[in-house]
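An overview of the molecular structure
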Amino acid sequence: MRLAGILMPVSALPSDYGIGDFGNEAYRFIDISVKMGFKIWQILPLNPLGYGNSPYQPYSSFAGDEIYISPVSLYEDGLLDEEPEKITVSDRIDYQKVRAAKLEILKSAYKNFKAKKLFESDEYRDFLKFDFVYNYAVFLTFKKKNNLKCWNEWSKEQKDWIKDKKLDLTAYEDDINFEIFVQYIFYIQWLKLKAYANEKGLKIMGDIPIYVGLDSLDVWENQKSFLLNKNGSPKFIAGVPPDYFSKLGQRWGNPIYDWDYMKGNNFEFWLKRIEYNSKLYDIIRIDHFRAFDTYWKINARNKTAIKGEWIEAPGHDLFNLIKKKFPKLEIVAEDLGDLRKEVIELRDAFDLKGMRIIQFTYDHEETKEDFEDRKNMIAYTGTHDNQTVVGFFNSKNDKEKESIREFLIRHKYDADKIHKGFIEICVNSLADYAIIPFQDILGLDDNARLNSPGTLDDSNWSFKLKDFDDFIESTECMSEILKKSKRV
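In this report, we go over the structure that sits alongside the text. Just so it is clear, the structure is predicted and the values come from calculations on it, not from any experiment.

1. Quick word on the sheet that holds strand β5 (residues 250-255)
Reading across the sheet, the four strands line up as β5-β4-β7-β8 and stay open at both edges, with antiparallel pairing between neighbours. Lying at the two open borders of the sheet, with one neighbouring strand each, are β5 and β8 (309-312). Neighbouring strand axes in the sheet, compared pairwise and without regard to direction, differ in orientation by 45° on average.

Below is the structure:
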């Protein structure tokens, strides 16, 4: 069970098309990671990015974002007549530019797909059997016809189609089929990449946000499962109260579940969600696990997350059903922060691995987080919401830096290369899994930070590697660290 993993969002992989995708560089990343000794590849949600390009505000918790589709793979599979023009290589993602370019590429591929009558294949027909596919295609078609407005702002006949199916969709047929095609290509490319990773001995850890975006198929299709007003706006929204990350708390804006309705409906939405995602990933990490025990309920009229109340959720009832239906599925609980004991009891009742962050152990400002060194958990140097190790260290005063160095020296870890020292702490913990963000392997500073919680900074979710040169150079060093820690 002593395994090591790497946290690398698909979006951050090198690519000639502006954002990491399911193409050749993803396969190359798998080869390099396996050579280093990693057995787990943790990614961020692959669902369609919503507000602020956040993977935690998706348009659907089932569908995939076409932005990750590889143009080169489309060409190699004969769906493009020539290899598409490349986008300037950068260490930042220009989402608007990438989306516009990939849309044209996908339109060309769709024409060839129709011309070759590939929609008649058994593989394509099998894909159509997934419940979400057609409805998501309709959702996205309507959304595009309405200048990307939220579903609760559409015309009444479009808004109500999901309930009454009265609107004739003949005029939208080709647009709908295009969206289905896009989802099919996403699905095929991802499963091919996942199969390659599995063949190499690398498990994929997917990430499921506990909440979904208001502007999503999830809410449009399951309105009774959420606390909404009659016009489709949320009565209450999700977030967390003031904490270490934010003095005003975090007002996420996601609609709150109607847990009473869900319980009466045998948690159908959640069971379907888990079932489909179990096809995409080997391990599922559920973000903000604590909300299955108690969740912060904010009135939608409130401008910050300061005012709210903790409400109990039926977590035990839900996970009893999940474990019964998916007994072999490995689920990881993101259990960070100041938690009441019942959250830990819920986690342990179902033998779920929790998470601990090495950075917090050495942060004198963070007093609520202790590094609990035990086997049934995952140790991280940091996550997508943290500073990089180098950025974290650089932000400390001289006294704090010296304290960290002294600890590293005392335990015979590298005190000169701080990122290496923190990696050594992480992989030498008792934790069954130790997972290292790619930025910490490379010793990058906060210019490579993925996200700053509670902010709408344009730099959030936009960092990507230009190439693998430094990553490859790190192979021997990382391999040696993992061997010494007996994780290979």
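2. Observations concerning unusual backbone geometry
For residues besides glycine, phi is generally negative; the peptide bonds are generally trans as well. With a phi angle near 60°, Asn53 is a residue other than glycine that sits in the positive phi range. Note that Asn53 resides in the loop between β2 (40-42) and α2 (71-76). Under the relative-accessibility criterion, Asn53 is labelled partly exposed at 25%. Phi is positive for Trp461, close to 65°, though the residue is something other than glycine.

3. Details of the pattern of salt bridges
Enumeration according to the criterion identifies 30 salt bridges in this entry. Note that Arg356 is salt-bridged to Asp335, the shortest N-O span being 3.3 Å. Here Asp335 lies in the loop between β9 (330-333) and α13 (341-349) and Arg356 lies in strand β10 (residues 354-357), a separation of 21 residues in the sequence. Of the two residues, Arg356 and Asp335, neither departs from the other in class, the shared state being buried. Bridged by salt links that share partners, the residues Asp293, Glu312, Arg340, Lys341, Glu342 and Glu345 form one connected network.

4. Examining the packing of aromatic side chains
Following the criterion strictly, the structure yields 54 aromatic pairs and no others. Judged by centre distance (5.3 Å) and plane angle (75°), the rings of Trp154 and Trp220 are edge-to-face. Here Trp220 lies in helix α9 (residues 217-221) and Trp154 lies in the loop between α5 (132-145) and α6 (156-159), a separation of 66 residues in the sequence. The class for Trp154 is buried, based on a relative accessible area of 5%. Plain terms: the ring middles of Phe468 and Phe471 are 5.7 Å apart, the flat faces sit at 35° to each other, and that makes the pair tilted.

Conventions adopted
Residues numbered from 1 in each chain as written. Predicted model: local features only at pLDDT ≥ 70, side-chain atom pairs only at ≥ 80, totals over all residues. Heavy atoms only, no water. Pairing = 2+ DSSP bridges. Helix = DSSP H or I, 4+ residues; strand = E, 2+ residues; numbered from the N terminus. Axes fitted to C-alpha atoms, helices over the stretch in contact; angles between N-to-C directions. Buried < 20%, exposed > 50% of the residue type's maximum accessible area, 1.4 Å probe, protein only. Salt bridge = Lys/Arg side-chain N within 4 Å of Asp/Glu carboxyl O. Phe/Tyr/Trp six-rings, centres within 6.5 Å; stacked < 30°, edge-to-face > 60°.

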